[in-house]
Every structure is written in structure tokens, then in C-alpha cells.
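Each chain is listed here by its residues.
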Amino acid sequence: MSRVVVVGAGIVGLAVAERLSRRGDEVVVLEKEERPAAHQTGRNSGVIHSGLYYTPGSHKARMSVAGAKSMTAFAREHGVTVDICGKLVVATSDDQVAQLDRLAARAVENGVPARVVSAEEAREYEPYVRAVRALRVESTGIVDYVGVCRAMLDLVLERGGEIRYGAEFVSARTEPNGVVVETTRGEVRADSLVACAGLYSDRVAAASGLEPEARIVPFRGEYFELVPERRYLVNGLIYPVPDPAFPFLGVHLTKMVDGSVHAGPNAVFALAREGYRWRDVDVKELAGSLAWPGLWRLAARNVAAGVKEGLRSVSGRAFARSLSELVPGIGVDDLSPAEAGVRAQALRRDGTMVDDFLVQGTSRQVHVLNAPSPAATCALEIAGHIVDELDSVTA
């Protein structure tokens, strides 16, 4: 049995902690907030992704297909609300059909259960949708990810593990017989370290003696929800055909586990790593992002899309117009603001986003440097990969 420090009580960190505790390791989870799942995990759309969009053979593709099954099974086993309701990706005009067909071919490559359906069949699933053709994806669902985190944490604690809230990571160093982690609540010694620090993953890695392969740049995803009397417009999940030139999926409609219908997210540059509103500004973090050449190169390649995303951020009417392309008749009066999230996106110096999960290891340490969506879906699969990596760097 070994003693392992896990930094971060989001879903990936807790999945790692649960897997380590299951095999008998002593686990100490460090979390700077006073609750688990306080950031990316607790502020996402709650979707169990199918693996539809990702490069064949990538970690995201393989782990999403497996993760859709393992996350569903875990939720059901532990009494967490989950519903495999399926989703529609809708082509709303003829010029989107070719891209929809390419997406259908990608589904076949990735082993995702999906089929192209006619406009009439699409409306059997979603009576109010606009579609000339659609892709029906059966394995997509919704789940209470915060509930999943609580279940994972309960298992860790039942097996003798520990979580320390309010323990913000400061630094770590490897010594001959283990690691020493400095936190705002004191020093923690262990045999090894796993860092799942999300929005601060690159900083934690750098403060642990690593040279991160990419820099985290925060992008805020803003949401609305349909007012209760308009929830009938959506039965499950309705997505647009993604723009292959833009690295985000576009605003979509999601029936949540509590019956509400979320609309979004857009994607705008955040002015702080925890910048959930425009007025949330951290001057030092903002300066760090603006000094990274990759941000400017990414922006230069996505000027038109970036302007559209920004417009949706400041105009509820613009947001509603985008939604009405999917479901005609949605107007600004049908929307009420919902909690925003911030995506921790690893960005290389050349402006390319790290397209897959990225894990970097060194002696007695493993750092998760890129785990945006669909990481919640894949959390149990990512945990298995991380534990294998940990074994290789502590052997």
C-alpha cells in the first residue's frame, strides 16, 4: 500500500482517488474550495457524451465510448440520477448536410451508435425541431455529475481516505523516498502525487518542477435556461452541426436531470481563470493569458466566429436567435440566465488547442494538463490511465 496525494476534487481527481482507494492505497485529496466539484464539474451541461466528434483512435474517442457505459453504470449502481435519452444533431439547411454525413461517418469509425434520420423522423423525437436531416445518437445521456462526485468521495472516505478542504496547492517537490506538497494548510508527505487541477493545471505542474507542454487559457461558457412554460419545446438534447473550422460545438439545448432545459454554452475568452462573469477580472491572470502567443494566433484564425460568440455574450436576443435556428419560435423572453462555467483549455504556443487529453509524468508525479469536455464522461477511464501512468513513474 502506498500513500498518494491527489490535487483537485473535481470529477477526474475524485475518480482517480476512488480507483486508488479501491486497490488499497491511502489517499489524501487536497481541494482549495470548501466542497467538491466547485468549478468545471459542477458547472457543465451534465451530458454523457457518446464519442461522436473526436479523432478516431484518440483518447477522447476511445474513452468516450467506454466512458458512456462506465459512467452510466456507476451512476445507476450508486443511485445517482441518469437518463440515456439520446440526442439529435440537426442540419437546419441543405448546405449543412454534407458535414452531417461526415459526422455520421465519424460515428461509424468511433463505434458510436448513430444513424441519419429524415426531417419527419427527427420530429418524432423532437416535435418542434427545425431539420432537413438529422443524426440520431442513442448513447448520449444526462447525469448529475455533482452527485457522481459525492458518491466517489463517499467511497474514498469509507475506505479510509481523507479530503482536506481549503487546502490550496502551493508547490511540490520530489525527494528520494516520496513527494512533499506544500499547501495553505501546511505540508503533506506522500509516496506520490497526482494533480488534477483543472483551471490551474499548468501552474500546479510548473510549481512541481515540470515544464508544461501547453498553457491553460480560460474560455467562459454562458448558459440560459428555458422558462418553465417553454420546456415542452425540448424532449432531450438538440445540437447543431458543428463548424469544422471552430473548436467548439455551438450552442445547444439540453434537458437536464431536474427537468429544466439549458441553452448554451457559447465560448468567450474569460478575464480570469475563474471568470464566470465579465466583471470577474484577475489582472495577473489576464496578463498571463494575453502574454501567451498562442491566444493571439487562435484569435486571428477565428475572428468571425469570435465576434459571433461575443455578440451572444452581450445580447440575449442574439443568443435566442441562435437557438431559434434549432427550435423556431424561441425568443429572448423565453430565456432566463443560468450559471456560467469556465473551460480549462490547453493551448500551444502556435495557437493550436490541445485536441486530446494530455497527461504528463515525472518521477513520482502525474499531472493532468488537459481534460476539458468530454472529461466528465470519461472520468473513470481517465482514472485508469492515470493510475497506470502513476505506477510507471513510481516503479
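Computed from a predicted model, the values in this text were never measured in an experiment.

Parameters at a glance
- Residues numbered from 1 in each chain as written.
- Predicted model: local features only at pLDDT ≥ 70, side-chain atom pairs only at ≥ 80, totals over all residues.
- Heavy atoms only, no water.
- Axes fitted to C-alpha atoms, helices over the stretch in contact; angles between N-to-C directions.
- Helix = DSSP H or I, 4+ residues; strand = E, 2+ residues; numbered from the N terminus.
- Contact = heavy atoms within 4.5 Å.
- Nonpolar A, V, L, I, M, F, W, Y, C, P; charged D, E, K, R; others polar.
- Pairing = 2+ DSSP bridges.
- Domains from an automatic or database assignment.
- Buried area = accessible area lost by both parts, 1.4 Å probe.
- Salt bridge = Lys/Arg side-chain N within 4 Å of Asp/Glu carboxyl O.
- Phe/Tyr/Trp six-rings, centres within 6.5 Å; stacked < 30°, edge-to-face > 60°.
- Buried < 20%, exposed > 50% of the residue type's maximum accessible area, 1.4 Å probe, protein only.
- Lys NZ or Arg CZ within 6 Å of the ring centre and 35° of its normal.

Chemist: What am I meant to see in the packing of helix α9 (residues 303–314) against helix α10 (residues 316–326) here?
Modeler: Two numbers describe a pair of packed helices, the interaxial angle and the distance between the axes. In the contact formed by α9 and α10, the axes pass within 5 Å of each other and the chain directions differ by 115°. Residues Lys308, Leu311, Arg312 and Val314 of α9 pack against Gly316, Ala318, Phe319 and Ser322 of α10. For the contact of α9 with α10, the residue count by class is four nonpolar, two polar and two charged.

Chemist: Help me out: how do you make sense of the sheet that holds strand β3 (residues 47–48) in this one?
Modeler: Strand pairing within a sheet occurs via backbone hydrogen bonds; the two strands may be parallel or antiparallel. Pairing within the open sheet is antiparallel, and its three strands lie in the order β3-β8-β4. A single partner strand is all that each edge strand has here, and the edge strands are β3 and β4 (82–83). With two bridges joining them, β3 and strand β8 (residues 141–143) adopt antiparallel strand pairing. The residue bridging Val47 from the neighbouring strand is Ile142, located in β8.

Chemist: Explain the domain arrangement of the protein to me, please; I cannot follow it from the model alone.
Modeler: Frequently, the measure chosen for interface size is the accessible area removed from exposure when the parts meet. We note that the domain assignment places domain 1 (3–44 + 146–214 + 354–393), domain 2 (87–138) and domain 3 (217–349) within the protein. Summarising the inter-unit geometry, the C-alpha centres of domain 1 and domain 3 are found 27 Å apart. The interface is formed by 18 residues belonging to domain 1 together with 17 residues belonging to domain 3. Across the domain 1 to domain 3 interface the summed buried area is about 1,700 Å²; carbon plus sulfur atoms make up 44%. Ranking the residues of domain 1 by area buried against domain 3 places Arg43, Leu199 and Val354 at the top, with a combined share of 40%. The interface formed by domain 1 and domain 3 holds four salt bridges in total. Notably, a salt bridge pairs Glu274 with Lys32, separated by 2.6 Å at the nearest N-O pair.

Chemist: Honestly, the sheet that holds strand β10 (residues 169–175) in this entry has me stumped. Any pointers?
Modeler: Read from one edge to the other, the open sheet built from three strands follows the order β10-β11-β12, with strand pairing classed as antiparallel. Because the sheet does not close on itself, it has two edges, and the strands there are β10 and β12 (186–190). Taking the axes of each pair of neighbouring strands and ignoring which way they run, one obtains an average angle of 20° across the sheet. Note: β10 against strand β11 (residues 178–183), six bridges, orientation antiparallel. Following the sheet pairing, Ala172 is matched in β11 by Val181.

Chemist: Got a minute to help me understand the packing of aromatic side chains in this structure?
Modeler: For any two aromatic rings, the description comes down to two numbers: the centre-to-centre distance and the angle of the planes. Applying the stated criterion to the full structure yields three aromatic pairs. Arranged with centres 6.3 Å apart and planes meeting at 70°, the rings of Tyr53 and Tyr54 form a pair that is edge-to-face. Tyr53 sits in the buried class, given a relative accessible area of 14%. Measuring from ring centre to ring centre gives 5.4 Å for Tyr128 and Tyr232, while their planes differ by 80°; the resulting arrangement is edge-to-face. One end of the pair, Tyr128, is in the loop between α4 (119–125) and β7 (133–137); the other, Tyr232, is in the loop between β14 (215–226) and β15 (237–240), with 104 residues separating them in the sequence. Over the ring of Tyr276 we find Arg43, and its NZ or CZ is 3.6 Å from the ring centre. The ring of Tyr125 carries Arg136 above its face, with NZ or CZ at 3.9 Å from the centroid.

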